[in-house]
Amino acid sequence: MTDAFPFKAFLVTVSLLLPLAGPVGSVLAQDEDVPRIETTAREALLVDGETGTVLFAKNADAPFPPASLAKMMTMEIVFAAIKDGTLTLDTEFPVSEHAWRTGGAPSRTSTMFAELKSQVPVSALIRGAIIQSANDAAIVIAEGMEGSEAAFAERMNARARELGMINSRFANPTGLPADDQYVTARDLITLARHLRSTYPELYAIYAEPAFEWNKIFQRNRNPLLSMEIGADGIETGYTEASGFSLVGATSHGGRDTLLAVSGLETAGDRASEARKLLLWARESFESETLFPAGQIVGSANVFGGESGSVALAATEAVEALVPADAPELVSLQIRYLEPLIAPIAEGQTVASLDILVEGEPVLSRDLHAASAVAAGSFTDRALGAVRELAVGWLRTL
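Here goes a summary of the coordinates provided. (Residues numbered from 1 in each chain as written. Predicted model: local features only at pLDDT ≥ 70, side-chain atom pairs only at ≥ 80, totals over all residues. Heavy atoms only, no water.)

Things to note about the environment of Glu 288
Applied cut-off: Each helix is a run of DSSP H or I of at least 4 residues and each strand a run of E of at least 2, with the numbering of both proceeding from the N terminus. Working definition: with a 1.4 Å probe on protein chains only, accessible area under 20% of the residue-type maximum means buried, over 50% means exposed, and in between means partly exposed.
For Glu 288, the location among the structural elements is in strand β11 (residues 286-291). Using a relative accessible area of 22% as the deciding quantity, one classes Glu 288 as partly exposed.

A short note on the pattern of salt bridges
As a reminder of what qualifies: Any Lys or Arg side-chain nitrogen found within 4 Å of a carboxyl oxygen on Asp or Glu counts as a salt bridge.
In total, this model carries 13 salt bridges according to the counting rule given. A salt bridge links Glu 43 to Arg 42, with the nearest nitrogen and oxygen atoms 2.8 Å apart. Residue Glu 43 is classed as buried on the basis of its relative accessible area, which comes to 5%. In this structure, Glu 208 and Arg 127 form a salt bridge, with 3.0 Å as the shortest nitrogen-oxygen distance.

Re the packing of aromatic side chains
For the record, the criterion: Side-chain rings of Phe, Tyr and Trp (the six-membered ring for Trp) are treated as a pair once their centres are within 6.5 Å; stacked means planes under 30 degrees apart, edge-to-face means over 60, and tilted covers the remaining angles.
Applying the stated criterion across every chain yields a total of five aromatic pairs. Note on Phe 211 and Trp 213: the rings are 6.4 Å apart at their centroids and 15 degrees apart in plane angle, and the pair reads as stacked. For Phe 211, a relative accessible area of 11% corresponds to the buried category. Residue classification places Trp 213 among the partly exposed residues on the basis of a relative accessible area of 25%.

Let's talk about unusual backbone geometry
Each neighbour pair has its own omega, and for Gly 233 with Ile 234 the value is 15 degrees, a cis peptide bond. Along the polypeptide, Ile 234 turns up in strand β8 (residues 231-239). Positive phi outside glycine occurs at Asn 59, with the angle close to 50 degrees. Turning to its location among the elements, Asn 59 is positioned in the loop between β3 (54-58) and α1 (70-83). Among the residues examined, Asn 59 registers a relative accessible area of 44% and is labelled partly exposed. We note that Lys 215 has phi near 65 degrees; this positive angle belongs to a residue other than glycine. Turning to its location among the elements, Lys 215 is positioned in the loop between β6 (210-213) and β7 (216-219).

Remarks on the pairing of strand β13 (residues 309-314)
Inclusion rule: Should DSSP find at least two bridges between two strands, the strands are taken to pair.
As paired elements, strand β12 (residues 296-303) and β13 share five bridges and run antiparallel to each other. From the neighbouring strand, Ser 299 faces β13, where its bridge partner is Ala 311. The hairpin turn running from β12 into β13, its antiparallel successor, is five residues long, and Gly 304 in that turn takes a positive phi close to 75 degrees. Here three bridges tie β13 to strand β19 (residues 360-369), and the two strands are oriented antiparallel to one another. Its bridge partner lying in β19, Leu 312 is registered against Ala 369.

Notes on the environment of Gly 230
Filter applied, for reference: We call two residues in contact whenever any of their non-hydrogen atoms come within 4.5 Å of each other.
Along the chain, Gly 230 falls in the loop between β7 and β8. Taking the C-alpha atoms as reference, Gly 230 lies 5.0 Å from Thr 250; in sequence the two are 20 residues apart. Setting aside its immediate chain neighbours within four residues, Gly 230 contacts Ala 249, Thr 250, Ser 251 and Arg 282.

Here it is as structure tokens:
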């Protein structure tokens, strides 16, 4: 029985069998030929929308108040309800006094100027919340769907956890200042990628230039849309605590790029820094397939099997954005829990391939066993245990 042996869990790195076809870029590069960038944003994350390759990161996991960026999570709840049929664009919700006073005309915050006690269709509320960043629209939605802002916030948090946004918490649907409410740039990018890929027809509203309600015309608050850089969203925000923030998305030349920034001092800084980062990403990187699907990229040790190792293959094509000038900055590593214990099925996901730039991971992809490894005889298992004990003893010195 294998549990008679004192196994320990180790994360290990394994040298690759194949050379890297090209480098993955990073702002951490020190070589003079490598394209570099800096930003005055306190928090920032720039990511390739298709592959998820991290192009630039600065305090990406640091929490900050979301301001109106919280409305992205509100829209996810609405979009999901429309997609599953529990809500329609024609559904009408009433404007309560709370919604009117807290987020409407009396609030002197961003508003769609919905009239007190009027009925507003969901289609208009979505445009108010997205295009005008309207707080009254978000509150009306929350009250209409869950009865109160607090109940809707619970739903937002539950959904955020489902999406893997583990470092964010919402207290209301608007992002208006509240205790214990925060997001991170990384979580916002996770949400942005989800919105774009899951709800493309509704997501298209983010690119609409203007919206009029109650005879009041307002232009989209996103400064990227008028820059002619291929922007199609997403949201801006401001609070005294977090400064000016933005989540932006562009599509150009078949490439999608997502950006989250916060902590900027002025709206002008927000616009110029966002434009600078997005154009840098466009001009400095090229998409490259590092390994095709099924490519053998390394091997992993196996305990108790007819073979002491198993070849590892890419589960899917490994693609990343790469710069042309500095392959020496890039390294790859295979991560797995050592030792893998037989039997192992062909195609079983057993490891991860990490692409790193100066030791910092920018992309991770699953690796699978390229062949099956059957459980070995008692002698095979005993010899494997001896090897593990010896290696483990040396490793713990």
